[in-house]
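Now for the letters of each chain:
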Amino acid sequence: MKYISILGASGSIGTQTLDVIRSHPDEFQLAAASIGKNVDMARAIIEEFAPRLVAVADRDAYDKLRSEYAGKIKIIYGEEGLIEAAVFPKTNIVVTAVVGSVGLVPTLKAIEAGKTIALANKETLVTAGHIVTEAAKKQGVPLLPVDSEHSAIFQCLQGEKREHIEKIILTASGGSFRDKTREELKHVTVEEALRHPNWSMGAKITIDSATMMNKGLEVIEAHWLFALPYEQIDVLLHRESVIHSLIQFRDTSIIAQLGTPDMRVPIQYALTYPKRLPLNSVKPLDLAEISTLHFERIDFARYRCLHLAYEAGKRGGSLPTVLNAANEEAVAAFLAGRIEFLAIEECIERALERHEFVQKPSLEEIRQIDAETRKYVQSLL
Ligand SMILES: NC(=O)C1=CN([C@@H]2O[C@H](COP(=O)(O)OP(=O)(O)OC[C@H]3O[C@@H](n4cnc5c(N)ncnc54)[C@H](OP(=O)(O)O)[C@@H]3O)[C@@H](O)[C@H]2O)C=CC1
Ligand SMILES: CC(=O)[C@@H](O)[C@H](O)COP(=O)(O)O
Ligand SMILES: [Mn+2]
């Protein structure tokens, strides 16, 4: 039996992880979970999975749940709660499925406590890649990718040597506006932006996908997970999201991972690795029915956020922290109807330009730079 803590159990990745746990009651048990403010979801999780601890980020939600479950299970508020869920003694695997850099400290605490990390929360690795990967190495803790592209690369790498890689190729769907020109992007709505062509995901990542910052964050995530320089990380536009990513080896061979676009596949792979279990709830691909797949080169002028992410990643230091924090604030402002879609990239660019570079920021400096960047983006709105 593997005991699981899910940070962000009420979200898109969180609920799909619960589905995987539900399908394999002899393999997995939910030990601890965290939610933000979704009280109904917390109640449903407690009734069905009986975790021993639930962390709650929102004060009102915490007060409600604590009065309902006092004396029955531990309900803990705020960052302290997230950390308690991350280091819960019985837990073997922590699924990091919160959105944003709020996942950083709990992930580091889980690593220090020797937990295996199933990493969905890409912002953690973007904002502090050197700190997270060094901590995992020091503790001998595996960082197992959940993000579909990184799971694909990880699966293609099994039995292969990293030094035989020529390059990895991350596929990108192009997001909800892939058929629009930049001129047409000026007046798009939040509702339109939230209509991803292939995946059902949380709001923030769906907007990131529309700006292609999602792919930018994934390029930086891949740099840290697979210890590859940016010159060996490519992005390829692939509308269907059937090929989740590819590795080209030195002998020109390319190995790809294909599958139904359903996050339960990479989530389950991270939880069962190195085993594979049946996944009856997912319909396998019918390639004859799909018949045709499409590939296009990326136009970096069209997808400015991807360009900014490559630049920030290559220059390194504190720039990915700024990129991530500025993006989180700008996307939240767009979702709240406070700025236009194209203002997201402007906010990020301005935050990067004014930032005073730090070569190897400490955790404390990262937290400070993150807070300062958010404040600066707020001042632009
Ligand atoms: N969804 C997907 O298919 C994929 C997601 N990812 C990554 O996984 C992560 C999660 O994404 P997704 O599941 O889509 O996001 P969702 O928005 O669906 O879920 C986010 C979760 O985090 C909780 N949460 C939100 N804000 C806070 C906070 N300040 N403190 C603590 N908890 C908080 C939410 O709680 P509540 O809802 O209760 O308020 C919810 O449980 C992201 O980093 C994303 O980039 C990666 C690949 C695919
Ligand atoms: C499911 C998943 O991993 C997402 O990150 C997905 O990749 C988003 O798709 P695009 O960013 O390619 O539009
Ligand atoms: Mn992805």
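The name given to the protein in an unreviewed UniProt entry is 1-deoxy-D-xylulose 5-phosphate reductoisomerase, with the source organism recorded as Saccharococcus thermophilus. Under the UniProt heading Catalytic activity (unreviewed entry), the note attached to the protein is "2-C-methyl-D-erythritol 4-phosphate + NADP(+) = 1-deoxy-D-xylulose 5-phosphate + NADPH + H(+)". Here is the UniProt Function (unreviewed entry) comment for the protein, exactly as written: "Catalyzes the NADPH-dependent rearrangement and reduction of 1-deoxy-D-xylulose-5-phosphate (DXP) to 2-C-methyl-D-erythritol 4-phosphate (MEP)."

Participant: Can you walk me through the site of ligand 2 in this structure?
Facilitator: In the vicinity of ligand 2, the contacting residues are Asp147, Ser148, Glu149, Ala172, Ser173, Gly175, Trp199, Ile205, Ser209, Asn214, Lys215 and Met263. Every element with two or more residues in the shell around ligand 2 is listed here: α7 (148–157), α10 (203–211) and α11 (213–226). Class assignment of the residues belonging to the shell around ligand 2 gives a composition of four nonpolar, five polar and three charged.

Participant: Can you help me understand the site of ligand 1 in this one?
Facilitator: Every one of the 29 residues lining ligand 1 counts as a neighbour, but Gly11, Gly36, Asn38, Met201 and Gly202 are closest to it. Of all the secondary structure elements, the ones that give two or more residues to the shell around ligand 1 are α1 (12–23), β2 (28–35), α6 (122–139) and α10.

Participant: It is not clear to me how the UniProt feature "binding site: 1-deoxy-D-xylulose 5-phosphate" (unreviewed entry) in the protein should be interpreted in this structure. Could you clarify?
Facilitator: Per the UniProt annotation, the sites labelled "binding site: 1-deoxy-D-xylulose 5-phosphate" (unreviewed entry) are Lys122, Ser148, Glu149, Ser173, His196, Ser209, Asn214, Lys215 and Glu218. In this fold, Lys122 is placed in helix α6. Contacts of Lys122, omitting those with residues within four sequence positions, involve Asp147, Leu217, Glu218 and Glu221. Along the chain, Ser148 falls in helix α7. Here Ser148 is in contact with His244, Met263 and Pro266, once residues within four sequence places are set aside.

Participant: How should I be thinking about the sheet that holds strand β3 (residues 53–56) in this particular structure?
Facilitator: Backbone hydrogen bonds are what pair the strands of a sheet, in a parallel or an antiparallel way. Taking strand neighbours across the sheet as the criterion, the seven strands line up as β4-β3-β2-β1-β5-β6-β7 in an open arrangement whose pairing is parallel. Since the sheet does not close on itself, it has two edges, and those belong to β4 (74–77) and β7 (143–145), each with one partner. Strand-to-strand twist of the sheet, defined as the mean angle between neighbouring strand axes without regard to direction, takes the value 20 degrees. Pairing of β3 with β4 involves four bridges; the strand directions are parallel. If you follow Leu53 over to β4, its bridge partner there is Lys74.

Conventions used here
Residues numbered from 1 in each chain as written. Chains lettered and ligands numbered in written order. Predicted model: local features only at pLDDT ≥ 70, side-chain atom pairs only at ≥ 80, totals over all residues. UniProt positions renumbered as here; feature names shortened; annotations may be inferred. Near = placed C-beta within 6 Å. Helix = DSSP H or I, 4+ residues; strand = E, 2+ residues; numbered from the N terminus. Nonpolar A, V, L, I, M, F, W, Y, C, P; charged D, E, K, R; others polar. Contact = placed C-beta atoms within 7 Å. Pairing = 2+ DSSP bridges. Axes fitted to C-alpha atoms, helices over the stretch in contact; angles between N-to-C directions.

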